[in-house]
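Each chain, written out:
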Amino acid sequence: MAVPTPPNPLTLIMPLRQGADLGQLQGLLASHQEAINTALGAVGTVHYARFVVLDASSPNLQPLANSTGPFQLAVITTYDGNFDMYIQDFVQQLPDVFDALLGFTTDGAGLVPARDNVSQLTAWIKANDASQQPPNSLLSQYAAYPYTVQAILAEQGS
Amino acid sequence: MAGLDYGDIQGTILRGYRVDYARHFVLGVVDAGAARRFLGSLVNGVGSGLPQVTTAARWTVKPRCFLNLGMTCSGLAALGVPQATLNGFPAAFVRGATDAATAELVGDVGASAPSEWTGGLSDGEAVHVLLSLWALESHAVIEEASAVLRAAFSGAFQELSACDAAALADNKVHFGYTDNISQPHVEGAPPTKRPRPDQQPVAPVGEFLLGHQNQYGGTYTVSPTELSTNSSFAAFRVLEQDVAGFEEFLDVYSAKAGVDVETLAAKVCGRWRSGVPLVLSPDTGTPSPPLPADQINDYDYVSPDPALDDTFGYRCPVGSHMRRANPRGQKVVGGGQHLHRIIRRAMPYGPPYDPLTPDAEPRGLIGWFITADITNQFEFLMSQWVNLPDFVMSVPGPAGANPVKNISGQDVLLGANDPATSSFTLPSPPSGTTPWSNRRLTGFSPYVTTRGGAYCYLPSITALGYLATL
């Protein structure tokens, strides 16, 4: 059986610019969901991934009706290996989606086009990844299984 | 695409020099002003008798001696480049080869740790310029050029060390393999005299030069522009090879694996020591009829033709050195199987090893591994492909076979290979009633030890002129 390699957490919280149109953002994600899923499959290291819209004006951070935010878009994943090393290959899969999402953020628009600013993008992601910052980086996490996506697929015959 | 300005590009980036001798100087700045003037004299001293930086421009008379050079981040600082400028340089270059994070990332650990490096390379802050000379004719040509250079840089630079290299017979390296077969085809590079198709995409020149489009559709740059366009980066490496240890590994482990010595040597590398690739000739390194020279690199690991497909690594193990360092069409996580290319300009150093008269002379491989982005190319190869088995994508095959299951551990030739965890998988295909099965070799040591390294900026001729007049 495969050598155990516990996966890593990403909790990327991207502050959205004032006046960001949530409907437009949802439309962007919906229209690109298939491309995003294909890209995640091609990258091959992501176990699970989801987008979560948060609202800093709401006591439990869940978006309120008629709220004007400020909003955040969280990207929450569990992934294998070294995330930094694969950011460039990841951007290669979805350059337009990366650029569009960065355009919604308060301070990420300057990183567009992402393919020209990979090292700055890597630093920006790290700074906004709650899992890589204290105190969250010091909290332990649970993994039901310590195997990579590819090891699991191989065992399943997929 | 507009033509490249070959005269502005250091030759070794785009041209493989056919040479037999080399000397690599490791230099430290002692006088910044004098150092800058010396650098200037290497590009504007035509006719002065001082060797000049070799460019990629076509020569009508082949130079007797080739010269190229690079600077570390501490070297650029010592030459007077402002910190604000250096802060805009890539993080890996600024970190440098001796940084603990770098060493951990690329596997320079244990006996390969920077603290063990020789030739002054262990003190990254003190290593400023790497200057290389190459010659075809004789070592005497190197000595002549060295004498002139030493006189010229006296008072400007301190020579921390100089390491000589010399080709072995028949393009061999110390472990007996035939080297210099495979390099990326680079768009816009001068045409090679001996084309060798490799079934890989031509690499955009921006993978090896700043200021030009790379494979990602982006452009690697630094500021100011004078330092950017046509410059590059490289990892300078000194890799000591334990020939006796490797031969003993082959003897002991070929017996464990139930194969002969040359087969195991081929399986851990990806080519027979003759240079013939396993994919094209899985059973012998001397196929009959012989493989034509221009076909020696013309293969892929995966193919829609079942007769040519080696997805599962039955011919060339998935974990072999060449397949790790360059997966070609094989699917890898990230999808970047063709996106992490590297140009290798290295030669053997030290005398050939004679098992009848064993010696403890240092011997190995020394030279440049050239990349426009150290992290996405050199560091990626070392950390993700050479030193991990997890990069392979699942491809289901008959009887539960899968390339994911056919690789373990690290690269036998280049990996860190702690004996407590080292592992190499020899996959065997199903045959008759025998199901697919693997043999795993474990407990072996590293036979290559890093003895030196430096992350260098390779300035364009424009950049050298700019640095000279800071």
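Provided above is the structure to which this section pertains.
Residues numbered from 1 in each chain as written. Chains lettered and ligands numbered in written order. Predicted model: local features only at pLDDT ≥ 70, side-chain atom pairs only at ≥ 80, totals over all residues. Heavy atoms only, no water.

Asker: Sorry, what's going on with the overall build of chain B here?
Answerer: Helices and strands together make up the secondary structure of chain B, namely 13 helices and 10 strands. In terms of overall dimensions, chain B is globule-like: its C-alpha atoms have a radius of gyration of 22 Å, near the 23 Å expected for 470 residues. Seen through its C-alpha atoms, chain B measures out along the principal axes to roughly 75 × 55 × 45 Å. Put simply, chain B has 470 residues, and 57% of those count as buried. Pairs at least 24 apart in sequence give 70% of the contacts found in chain B among residues at least 6 apart. Roughly 17,800 Å² of accessible area belongs to chain B as shown, and the carbon and sulfur atoms make up 54% of that amount. Charge-centre separation for chain B: the mean point of 32 positive side chains lies 4 Å from the mean point of 43 negative side chains. (Helix = DSSP H or I, 4+ residues; strand = E, 2+ residues; numbered from the N terminus. Rg over C-alpha atoms; globule rule 2.2 N^0.38 Å. Buried < 20%, exposed > 50% of the residue type's maximum accessible area, 1.4 Å probe, protein only. Contact = heavy atoms within 4.5 Å. Areas by Shrake-Rupley, 256 points an atom, 1.4 Å probe, with all protein chains shown as cover. Lys, Arg positive; Asp, Glu negative; His and termini not counted. Charge placed at Lys NZ, Arg CZ, Asp CG, Glu CD.)

Asker: Can you help me understand the pairing of strand E10 (residues 448–458) of chain B in this one?
Answerer: It is a general feature of regular strands that their side chains alternate between the two faces of the sheet. Residues and elements named next belong to chain B. For E10, the buried fraction is high: 10 of the 11 residues fall into the buried class. Strand direction decides the pairing type here: strand E5 (residues 232–241) and E10, joined by 10 bridges, are antiparallel. Note on E10: the bridge partner recorded for Ala 235 is Tyr 455. (Pairing = 2+ DSSP bridges.)

Asker: What should I look at first to understand the sheet that holds strand E3 (residues 71–79) of chain A in this one?
Answerer: Backbone-to-backbone hydrogen bonds join strands into a sheet, with any given pair of strands oriented parallel or antiparallel. All names here are of chain A. Reading across the sheet, the 3 strands line up as E1-E3-E2 and stay open at both edges, with antiparallel pairing between neighbours. Two strands close off the open sheet at either side, each with one partner strand: strand E1 (8–15) and strand E2 (46–55). The mean angle between the axes of side-by-side strands here comes to 15°, regardless of whether they run parallel or antiparallel. With 8 bridges joining them, E1 and E3 adopt antiparallel strand pairing. Residue pairing in the sheet places Asn 8 in a bridge with Tyr 79 of E3. (Axes fitted to C-alpha atoms, helices over the stretch in contact; angles between N-to-C directions.)

Asker: Got a minute to help me understand the pairing of strand E2 (residues 65–71) of chain B in this structure?
Answerer: Extensive coverage of E2(B) is indicated by the burial of 7 of its 7 residues. Burial of the side chains of E2(B) extends over both faces: Cys65(B), Leu67(B), Leu69(B) and Met71(B) are buried on one face and Phe66(B), Asn68(B) and Gly70(B) on the other.

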